[in-house]
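Chain and residue survey
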Amino acid sequence: MTDIASAATIGATVDSRPVVRRRKKRITGRSIAVIVFLTICALFFCVPLYVVLTTSLKTMDEIRQGNIFALPQVWTLEAWRFAWFEACSGINCDGLRVGFWNSVLILIPSLILSIALSIVTGYALALWDVRWAGTFLFLMFMCAFVPFQIIMYPLIAMTRSIGVYGTIWGVAVVHAVLAMPVLVLIFRNYYKDIPQEIMNAAIMDSGSFWRIFFEIILPMSGNILIVVLILQITSIWNDYLIGVTFGGFNTQPMTVNLANMVTVSTGTASYNVDMAAALLTAIPPLLIYFLVGKFFVAGITAGAIKG
Amino acid sequence: MPRVSFERIHKTYGAVSILKDLNLSVEHGDFLVLLGPSGCGKTTLLNMLAGLTDVTDGRIMIGDRDVTDLDPKDRGLAMVFQSYALYPTKTVRGNLRFGLASARLSSEEVDRRVAWAAKLLQIEPLLDRKPAQLSGGQRQRVAIGRALVKHAEVLLFDEPLSNLDAKLRTEMRLEIKRLHEELNPTVVYVTHDQIEAMTMATKIAVMNNGVIQQFGTPDQIYERPANLFVAGFIGSPAMNLKKARVAKRDGLVTGHFGNGQEILLNDYRFAQVPQEGAEIVVGMRPEYFGVPDSPVNGAAAVFDLPVAYTERTGSDATGYLRFDEGLLSLRVEPSQAARLAGGQKVRVAFPPGKANLFDAATGGRL
């Protein structure tokens, strides 16, 4: 600001005085400290990633030489192919693809169920006159802090009694239920910022709960939907405990598949295959981050909804 | 039969009572303005009529229908909000169409009404824009359009002009007045701006602390305020309210001010003549004072007072004279204002029959 102002003054009296250049910023001790710290942080994540990536592209012979930081002498995708098509998880040797498709099948209903339930609950709590809304919200908030392990056994009994235990639907329902407290709070807080007068106008114009939701509120929810979508895709995809507890023998998600592969494989450990499998499992959430990451930031920072 | 009536309305929030035993009714085609300072309950009253706030006790009638417990959409009302409350993701056309969301009309009828309202408000070129692409005045027109498409019996306005700048406000004021004359709906309009009230209303209800202080035409409210609150609230600059003591001598009733000045009150139409020595408040509108230092004939009061200062507001100017402890304001010609230098004594006269008298203890009109 001051630079622009002074530049303007200088510009006005340009013939009488030489243009004074702004002094270049020196590298100070503080900035060095910051850069060093950030570099260490980056290395902390990058070095293991580098090792995983290079190892997955090596042959086992090369790995046995023990030089884990070396680049592969022979670049090969054999480990990736093997992990995807042939690796054994327990007695099933069809590779990770089984887990991958299970994960996709779990993800889609879980996403739809959890977001649909919580967006409508959040909308009702924020914008409609719900009796005991405050109490309900408080209970919801408390539920967000209950560790999953405590309610695991009752949940197994409940899902069994409604006949979804051991199916993809069981996993989806449990995901939806467990995500609800946090998601409802997120949606409710987002909708609290919608001006009361817009809601009043809609109530006078239509008065229909669902029509207002679909025509007015849902179109205003783009940002927050992206945020919740990313949160949910990441947490559902990376989940292990719910998958291993509620998924049946043939419906285990990719993470369970991966863990079985790595821990219970017979014979010698194939590190290259393990690494490739780990990377394969991590790819979907990464892709989501790259695709919609910028909306994520926009969604988090967008506070008020402008009219 | 009145078009809108409030009958014995009570409203409490917890232990706090907002409105107590309020009765009010307006006829078909009336333009009722609810006027009062912030927190006087006027918006609460409007929201109760709209159905956005519950009524604690009492009854609201629209025509011969008891709407007290009806859903807002079933009351046959349309409302314009202070912040316009347009739906941000819908186009202007979408906003107008959503105004008819509960009406179950054929698509052609909806289109016809949207076109009609757009033409009436001259927003046809804006129909495919989003609210964010409109200026404040345009948004206000769209908001009014959304209310008009409903062909509602009663139109509600909640301080619709307070977010506009002064010039637009004057324009929209005339626009709303024109629409009222053209379409002649019953209007209930909430504002704290007395100019809006005076210019648009056919009836004004002045409210304070949840009580209707006076209900009448703008002229009645202005010329014969019912109590000290109304007298002080309506008028800009405000009415001069000065305490005086009643004296009766030789058939003449006079008011004696604390500074020894006096005013003749014989021309005042007393509802009841006060006792000798009673404490009263004399209200004198600033615009009824004669030109300072001009010859005086038959005035009710003549004051010789020092000038404190003057204020010019464009077409008008106000002089402030020292009167007892306080100030006495009077409207002067802007060309005269320069003559009134600070400290100089001037002679001003107040004509007979123009004063308003109030009981000092109760505040009621005498």
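Residues numbered from 1 in each chain as written. Chains lettered and ligands numbered in written order. Predicted model: local features only at pLDDT ≥ 70, side-chain atom pairs only at ≥ 80, totals over all residues. Heavy atoms only, no water.

**Some thoughts on the UniProt feature "transmembrane region" (unreviewed entry) in chain A**
Residues and elements named next belong to chain A. Short version of the rule: UniProt positions are given in the numbering used here, feature names are shortened, and annotations may be inferred rather than shown by experiment. Helix and strand assignments follow DSSP, with helices taken as H or I runs no shorter than four residues and strands as E runs no shorter than two, numbered in order from the N terminus.
Per the UniProt record, "transmembrane region" (unreviewed entry) is annotated on residues 31-53, 104-128, 135-156, 168-191, 212-237 and 286-305. Along residues 31-53 one finds 100% helix and 0% strand; the C-alpha atoms at either end are 32 Å apart. For residues 168-191, the end-to-end C-alpha separation is 32 Å, with 100% helix and 0% strand making up the annotated structure.

**Some details on the interface of chain A and chain B**
Many structure descriptions define interface size as the accessible area lost when the parts assemble. Put simply, the rule is: A contact between two residues is defined here by any heavy atoms of the two lying within 4.5 Å. The term buried area means the drop in 1.4 Å probe accessible area that two parts suffer when joined, counted for both and summed. The term salt bridge refers to a side-chain nitrogen of Lys or Arg lying within 4 Å of a carboxyl oxygen of Asp or Glu. Pairs of N or O atoms are called polar contacts if they sit within 3.5 Å, as long as, within protein, a hydrogen donor faces a hydrogen acceptor (for residues adjacent in sequence, only side-chain-to-side-chain pairs). All residues other than Ala, Val, Leu, Ile, Met, Phe, Trp, Tyr, Cys, Pro, Asp, Glu, Lys and Arg, Gly among them, are scored as polar; the first ten of these are nonpolar and the last four charged.
If you look at the interface, chain A gives 17 residues, while chain B gives 25 residues. For the pair chain A and chain B, the summed buried surface comes to about 1,900 Å²; carbon and sulfur atoms form 61% of the total. Taken together, chain A and chain B are joined by three salt bridges. Between B:K90 and A:E215 there is a salt bridge; the shortest N-O distance is 2.8 Å. Inspection of the chain A/chain B interface yields eight residue pairs in polar contact (both at pLDDT 80 or more). Of all the secondary-structure elements, those providing two or more residues to the side of chain A that touches chain B are α9 (196-205) and α10 (209-217) of chain A. At eight residues, α9(A) tops the list of elements feeding residues into the side of chain A that touches chain B. When the residues that make up the side of chain A that touches chain B are grouped by side-chain class, the tally is eight nonpolar, four polar and five charged.

**Digging into the nonpolar core**
Condition: We define the nonpolar core as a collection of buried residues of types Ala, Val, Leu, Ile, Met, Phe, Trp, Tyr and Cys that are connected through side-chain atoms lying within 4.5 Å of one another. Throughout, exposure labels follow a simple rule: accessible area from a 1.4 Å probe, protein chains only, divided by the maximum for the residue type, with under 20% read as buried, over 50% as exposed, and the rest as partly exposed.
One finds A:Y191 and A:I217 to be the most contacted residues of the largest nonpolar core, which totals 88 residues. For A:Y191, the contacting residues outside a window of four places in its chain are A:I119, A:G122, A:Y123, A:A126, A:L127, A:I217 and A:S221. One finds B:L127, B:L148, B:V149 and B:M200 within the second-largest nonpolar core, a separate group that totals 46 residues.

**Concerning the pairing of strand β12 (residues 252-257) of chain B**
Residue and element names in this part refer to chain B. The line we're drawing: Pairs of strands are assigned from DSSP output, requiring at least two bridges between the strands.
Relative to β12, strand β11 (residues 240-249) is paired through six bridges, and the arrangement is antiparallel. Within β12, the residue paired with K248 across the bridge is V253. In this structure, the hairpin formed by β11 and β12 is closed by a connection of two residues, where D250 is found at a positive phi of approximately 50 degrees. Bridge analysis of β12 against strand β13 (residues 262-264) gives three bridges, and the strand direction is antiparallel.

**Topic: the environment of B:T362**
Residue and element names in this part refer to chain B. Following the sequence through the fold, T362 ends up in the segment after β19 (356-359). Under the relative-accessibility criterion, T362 is labelled exposed at 63%. The spacing of T362 and I280 is 82 residues in sequence and 9.7 Å in space, taken between C-alpha atoms. A distance of 3.2 Å separates the side chain of T362 from the backbone nitrogen of G364, its partner in a polar contact.

**Details of the UniProt feature "domain: ABC transporter" (unreviewed entry) in chain B**
Here, UniProt's "domain: ABC transporter" (unreviewed entry) annotation points to residues 4-234 of chain B. In residues 4-234 of chain B, the share of helix is 35% and the share of strand is 26%. The end C-alpha atoms are 25 Å apart.

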